[in-house]
Amino acid sequence: MSGGVVAPVRRPLIEGHKTYHQITEDLCSPTEKAPSKAWIIAFIISVSVLAFGLFCIFWTIWMGIGTWGSNRTIGWAYDITNFVWWIGIGHAGTLISAILLLFRQRWRTGVNRAAEAMTIFAVICAALFPAIHVGRIWVVFYFFPYPNTRGSIWPNFNSPLLWDVFAISTYFSVSLLFWYTGLVPDFASIRNRASGLRKKIYNSLSFGWTGSAKHWQRWESLSLVLAGLSTPLVLSVHTIVSFDFATSVIPGWHTTIFPPYFVAGAIFSGFAMVQTLMVMTRKILKLQEYITIEHIESMNKVILVTGTIVGVAYLTELFIAWYSGYVYEQFAFFNRATGIYWWSYFGMMTCNVISPQIFWVKKLRRSVFVTFFMSIFVNIGMWFERFVIIATTLARDYLPSSWSYYRPTWVEIGIFIGTIGLFFTFYMIFTRVAPVVAIAEIKHILKVGGDQYIGENATHKNQHDTHSLSSTNHH
Amino acid sequence: MNSEHIQLPNKDKIILSILGIIGLISLLYIGANDDLGHTRLWTNLLHNSVYFTLVALMAIFFLCVNVTAYAGWDVVFRRVWGSMSYFLIVGLLLMGIIALGVYFGWHNLYHWADQHTAETDTIIKGKSGFLNKNFYTIGGLGFIVLWFFFAKKMRDYTIAEDDHGDGRWAHYKSMKFYAALFLPIAGFTSAAAVWLWIMSVDPHWYSTMFAWYATASCFVSMIALTILILIYLKSRGYYHGVTSEHFHDLGKYMFAFTIFWTYLWFDQYMLIWYGNIGEETIYFQTRIQEYPILFYGNLVINFVLPFLILMRNDTKRKYGTLIIVGILVFVGHWIDLFQMIKPGTLHTAMELGDHASAAATHGHEAGTHGAHGHEFKMGFTIPGIPEIGLMLGFVALFVATTLHFLSKASLTPKQDPFLQESLHHHV
């Protein structure tokens with residue numbers, strides 16, 4: 001897969017003249033040492049936030065859905081916004097693993113592991129919302145079609161909400177498989193350095209991996225098969241989430257561009273969240289030589305591209321609303337931009353379309369500081385996008401007498417913040433038990449991405465000129 | 001090995017000329033047997049002009065995507081895309097003729113271009129800020145000029161690099177600058193061009209997906225044509241550096257974007273079907289009832305067959321299967337555009353034809369008897385033999401233009417920083 005010849009304009013992806021041994025050392029050690037003070041403090045905060053979220057969920061279930069701000073006109077707002085937001089974030093992981101693998105992008109190896117983990121945690125956060133928003137969580141099994149004794153009561157197969165159940169559970173399963181498959185050889189690396197009970201645990205986790213040629217061969221084929229499977233899945237999940245809205249006949253929701261535009265937006269927000277996590281992770285775990293400025297720049301370019309695609313979609317919607325000559329459609333968009341929720345539209349446009357344009361400047365997209373702030377900006381913008389689509393549209397429906405305004409209660413805000421706590425709690429546990437950067441995959445690209453082989457500081461320069469690096473060649 | 005210039009055998013030039021003459025004869029035949037408004041002639045001209053112009057746009061777009069994305073694998077044959085994009089010059093001429101026709105009322109392609117309709121039809125009147133003669137001419141042609149500007153920039157830099165390129169990669173950096181700049185420009189203008197040229201033939205109907213759908217259609221055709229041109233050039237002894245590894249990747253692109261096109265097709269159809277709003281469903285209603293072969297055939301040719309054939313690994317590496325699928329999807333997407341354009345233009349011709357008190361003609365019948373369905377009219381509800389002939393003429397024009405510009409410079413960029421990667425490409 002990684003050919004021996006590297007173009008002179010490519011820049012290194014692994015810095016610090018790493019040897020194979022050093023890579024193992026650097027990437028395994030965070031799981032072996034006692035946690036740092038920063039980690040402990042952050043973990044306590046995350047768990048506390050999670051606890052508050054759990055309390056709010058408990059409050060909702062105990063007191064009833066009336067504790068939320070939804071009203072007769074706006075039947076869902078915060079819950080569905082958060083659901084779509086988290087599902088969107090959950091897209092980057094599989095995109096990085098699968099699509100970038102198919103495109104043979106070597107820079108994916110620095111960030112794929114963390115992005116896949118993030119995907120799984122984000123999907124868990126998302127899946128919470130449909131479960132609790134039904135109000136009576138004890139009958140949540142109605143989601144699933146199964147042979148039952150309730151007569152003709154079945155889930156409505158015509159409803160995209162049901163398709164969501166299938167799409168998301170499939171996506172979750174395949175993403176989990178993909179993530180775990182990648183972890184198997186790395187768990188074996190940790191096992192080889194461990195002793196006692198720890199060794200036993202990691203040995204089971206790695207399925208007794210021995211690293212034989214046969215193992216690697218099967219592992220690589222499985223990775224490719226899973227990549228092929230997950231690529232359509234990445235598209236399907238947000239496509240079906242967009243169907244939740246677009247299959248209706250509500251102006252502002254019923255528009256054919258929704259599926260690809262939701263997918264682009266999801267990738268956009270997913271990459272922003274990866275940036276948020278990576279910037280912190282590389283600093284706290286001292287992985288700057290593996291998650292380099294090169295990686296950050298590449299991801300910022302993806303953010304710029306997807307942000308602009310989303311921008312094209314926004315303008316397409318606006319333009320076609322005018323072009324349609326359909327007054328309700330025109331009003332829906334006029335209302336978005338200038339109505340009672342104008343501030344959320346303004347936030348969406350600023351954060352999603354305008355602000356990412358600063359990444360045209362090379363200096364800014366290579367700045368860790370700017371990247372971190374921009375990633376938060378994009379996360380906020382993409383949250384606003386869902387809020388704009390959902391709340392603004394519902395607040396001004398066909399019947400002016402039922403026009404209404406929605407504001408979230410402390411319970412809803414608490415649940416949302418709680419999911420952020422859940423997300424970070426999971427992520428922080430993950431950094432303690434598994435290598436955050438895929439060891440095997442980093443080693444795989446060392447000879448074509450290490451700075452001793454390519455770039456200005458290369459010390460082994462002649463080697464790749466003679467194309468002798470066939471050791472990493474996989475045809 | 002890679003710096004050779006092409007010199008085509010005379011036999012091939014004769015074949016291309018013959019195809020061109022077939023196209024011309026078809027055009028004359030259509031013109032001579034047409035109704036008073038020359039509906040068939042103009043719709044065919046619009047259909048082919050838009051199709052091949054958008055294919056040229058997709059070529060320069062994909063070239064710029066690859067330059068921006070640090071792609072190395074395609075460098076060895078990248079100039080094929082650069083040369084394909086030069087068809088934009090011809091496209092400018094062709095779309096110029098159509099724009100003049102809009103201006104001076106030579107044809108009835110666009111309902112909105114009719115003075116009377118534009119003043120009395122409320123919906124069309126509401127769109128007159130976009131759908132008007134001036135914007136069609138200045139905007140539409142302006143887009144092509146803008147696209148060509150970038151195509152020329154990319155070509156000029158890569159050719160200059162052959163002689164003056166060095167380790168500072170100044171030309172490469174300039175190309176990267178223009179390529180990146182072109183991407184958002186192409187993103188916005190391609191959508192507007194598709195609305196203007198294609199979607200507005202059904203001036204009451206709209207779909208936000210339409211621009212991306214039509215563009216994806218032409219993207220698949222562009223990849224198919226690239227594969228066919230490369231196989232041809234290899235058969236004439238050029239492009240030794242292009243191996244089955246490169247074809248494998250091109251095949252993967254054809255496979256992937258075939259699925260992507262189907263995805264967009266499905267989304268647009270499904271959402272309109274599910275919403276079931278009369279103003280929207282009429283688009284598919286017309287096509288299902290009056291153009292059933294094209295409507296269902298579209299999915300078979302452009303999805304089922306390429307999907308099944310290209311699923312295997314080896315079919316993406318062998319000339320035989322690549323040629324079959326390449327021709328299939330190239331013609332398939334040409335048919336796709338046919339069914340995007342014909343129903344709307346025929347309806348317009350029928351409505352406006354009444355004003356001009358034109359005699360009942362093919363176009364007229366096909367339009368008015370549409371409700372009866374399943375009445376196939378060559379050149380109207382399905383492409384007839386002259387349509388195929390005209391398409392062959394356009395293919396010859398496109399290929400000749402491409403080969404002409406390809407022969408003006410080295411086939412492979414000699415000093416591109418990624419050249420060695422491309423020559424040693426392994427899937």
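Rules and cut-offs
Residues numbered from 1 in each chain as written. Chains lettered and ligands numbered in written order. Predicted model: local features only at pLDDT ≥ 70, side-chain atom pairs only at ≥ 80, totals over all residues. Heavy atoms only, no water. Axes fitted to C-alpha atoms, helices over the stretch in contact; angles between N-to-C directions. Helix = DSSP H or I, 4+ residues; strand = E, 2+ residues; numbered from the N terminus. Parallel < 35°, antiparallel > 145°, perpendicular 65-115°, else oblique. Contact = heavy atoms within 4.5 Å. Nonpolar A, V, L, I, M, F, W, Y, C, P; charged D, E, K, R; others polar. Buried area = accessible area lost by both parts, 1.4 Å probe. Salt bridge = Lys/Arg side-chain N within 4 Å of Asp/Glu carboxyl O. Polar contact = N/O pair within 3.5 Å; in protein donor to acceptor, adjacent residues only side chain to side chain. pLDDT = per-residue confidence, 0-100. Patch = residues over 30% accessible without salt bridge, like charges linked within 9 Å, V, L, I, M, F, W, Y side chains within 5 Å. Areas by Shrake-Rupley, 256 points an atom, 1.4 Å probe, with all protein chains shown as cover. Buried < 20%, exposed > 50% of the residue type's maximum accessible area, 1.4 Å probe, protein only. Left-handed = near helix turned anticlockwise from the far one by under 90°.

Residues and elements named next belong to chain B. Contact pair helix 11 (residues 278–290) / helix 12 (residues 292–310): the axes reach a minimum separation of 5 Å and the direction vectors enclose 100°. Taken together, the axes of helix 11 and helix 12 lie roughly perpendicular to each other. Taking contact as the criterion, the partners of Phe284, Arg287, Ile288, Gln289 and Glu290 in helix 11 are, on helix 12, Pro292, Phe295 and Tyr296. Split by residue class, the contact of helix 11 with helix 12 holds 5 nonpolar, 1 polar and 2 charged.

At the interface, 45 residues of chain A touch 49 residues of chain B. Both faces combined, the contact of chain A with chain B buries some 4100 Å², and carbon together with sulfur accounts for 69% of it. Its largest share of buried area at the contact with chain B, chain A owes to Val9(A), Thr256(A) and Tyr323(A), together 18% of the area lost on that side. Arg10(A) is the partner of Glu421(B) in a salt bridge, and the nearest nitrogen-oxygen pair spans 2.6 Å. Our count for the chain A to chain B interface comes out at 14 residue pairs in polar contact (both at pLDDT 80 or more). Contributions of two or more residues to the side of chain A that touches chain B are made by helix 6 (160–193), helix 8 (213–246), helix 9 (258–284) and helix 10 (293–324) of chain A. Among the elements that line the side of chain A that touches chain B, the one with the most residues is helix 10 of chain A, at 13 residues. The residue inventory of the side of chain A that touches chain B, partitioned by class, reads 27 nonpolar, 13 polar and 5 charged.

Another point: the confidence of the model for chain A. The predicted structure's coordinates, where accompanied by low pLDDT, should not be read in detail. All names here are of chain A. In this model, chain A carries a mean pLDDT of 89, and residues with pLDDT of at least 70 account for 96%. At the low end of the mean pLDDT range in chain A sits helix 18 (residues 461–465), at 50; at the high end sits helix 15 (residues 410–433), at 95. Below pLDDT 50 for its whole length, residues 462–475 participates in 27 contacts with residues either more than four positions away or in separate chains.

Here we come to a nonpolar patch on the surface. Residues and elements named next belong to chain A. Taken together, the side chains of Phe52, Phe55, Phe58, Trp62, Met63 and Trp410 present a nonpolar region at the surface, about 720 Å² in accessible area. Per element, the largest residue contribution to the nonpolar patch is 5 residues, and it comes from helix 2 (residues 37–63). For tryptophan 62, the position within the fold is in helix 2. Under the relative-accessibility criterion, tryptophan 62 is labelled exposed at 65%.

This next bit is on unusual backbone geometry. Residues other than glycine seldom take positive phi values, yet His17(A) does so here, at roughly 50°. Tracing the chain through its elements places His17(A) in the segment before helix 1 (20–32). With a phi angle near 55°, Trp169(B) is a residue other than glycine that sits in the positive phi range. Its location among the elements puts Trp169(B) in the loop between helix 7 (133–164) and helix 8 (170–197). Among the residues examined, Trp169(B) registers a relative accessible area of 18% and is labelled buried.

Residues and elements named next belong to chain A. Contact geometry for helix 5 (residues 108–133) and helix 6: axes closest at 10 Å, N-to-C directions at 145°. Classified by chirality, the crossing of helix 6 by helix 5 is left-handed. From helix 5, Arg113, Glu116, Ala117, Thr119, Ile120, Val123 and Ile124 reach across to helix 6, where they touch Ile168, Tyr171, Phe172, Ser175, Leu176, Phe178, Trp179, Gly182, Leu183 and Asp186. Considering only residue class, the contact of helix 5 with helix 6 consists of 11 nonpolar, 3 polar and 3 charged.

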